[in-house]
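The primary structure of each chain is shown beneath.
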Amino acid sequence: GKNYDYSANPYLSRFVFREKLVKIYAWAITDPNALKAIVRATKDTGIVEIGAGKGYWASLLANCGVNVVAYDNGEDKYIGGYYPVEEAGIEMVAFHQDKALFLCWPPYATSMAYDCVSKYKGNILIYIGENYGGCNADDKFFHFVSKNFKLDCRIDMVKWEGLHDNLYIYKR
């Protein structure tokens with residue numbers, strides 16, 4: 001994957017730099033190719049994003065014409081700012097079965113991603129994060145996805161050094 005050149009700012013280590021930026025924006029670096037692929041896949045369905053944080057990705061996708069509803073449980077106290085994010089969690093998947101489910105960097109070693117996808121009866125899953133064995137989601141999520149969806153598209157995104165996140169678009 002492509003990596004960011006940290007030499008432009010010698011006063012910040014790459015880890016401090018990343019920590020500051022993920023709190024301001026989002027866990028995943030916005031990638032133009034990823035945005036285009038998501039827009040293509042969801043132009044007719046729209047998106048429900050669970051774990052939207054400040055709504056950075058939701059804002060960008062909405063600005064590209066995608067109908068987005070965004071939720072976050074507020075555990076990290078970073079809700080909204082870029083886009084209206086309602087304080088709610090995985091229970092909202094049930095109300096948006098007609099939309100594509102969007103999960104961007106779901107928390108590691110928790111059931112959040114699995115709980116969302118197992119309640120989702122729609123046809124398009126959009127996932128940004130590391131694959132099986134990485135620092136996102138849990139094994140149950142990846143097993144469920146591999147049994148219930150087919151990979152439609154994988155985009156090698158711009159990423160932070162040492163991370164292996166990509167965009168994965170799955171369809172039933």
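In what follows, the accompanying structure is described. (Residues numbered from 1 in each chain as written. Predicted model: local features only at pLDDT ≥ 70, side-chain atom pairs only at ≥ 80, totals over all residues. Heavy atoms only, no water.)

1. Observations regarding the packing of helix 4 (residues 112–119) against helix 5 (residues 139–148)
Then, in step 1: The N-to-C vectors of helix 4 and helix 5 enclose an angle of 30°; their axes lie 7 Å apart at closest approach. Taken together, the axes of helix 4 and helix 5 are roughly parallel relative to one another. At the point where helix 4 passes helix 5, the crossing takes the left-handed sense. Across from A113, Y114, V117 and S118 in helix 4, the residues of helix 5 making contact are K140, F141, F144 and V145. (Axes fitted to C-alpha atoms, helices over the stretch in contact; angles between N-to-C directions. Helix = DSSP H or I, 4+ residues; strand = E, 2+ residues; numbered from the N terminus. Parallel < 35°, antiparallel > 145°, perpendicular 65-115°, else oblique. Left-handed = near helix turned anticlockwise from the far one by under 90°. Contact = heavy atoms within 4.5 Å.)

2. Here we look at the pattern of salt bridges
Then, in step 1: Considering all chains together, one arrives at 1 salt bridge under this definition.
Then, in step 2: Here D152 ties to K171 by a salt bridge, and the two come within 3.8 Å at their closest N and O atoms. With D152 in strand 6 (residues 150–155) and K171 in strand 7 (residues 166–171), this residue pair connects regions lying 19 residues apart in the sequence.
Then, in step 3: Here D152 falls in the partly exposed class, since its relative accessible area comes to 47%. (Salt bridge = Lys/Arg side-chain N within 4 Å of Asp/Glu carboxyl O. Buried < 20%, exposed > 50% of the residue type's maximum accessible area, 1.4 Å probe, protein only.)

By themselves these figures say nothing about function.
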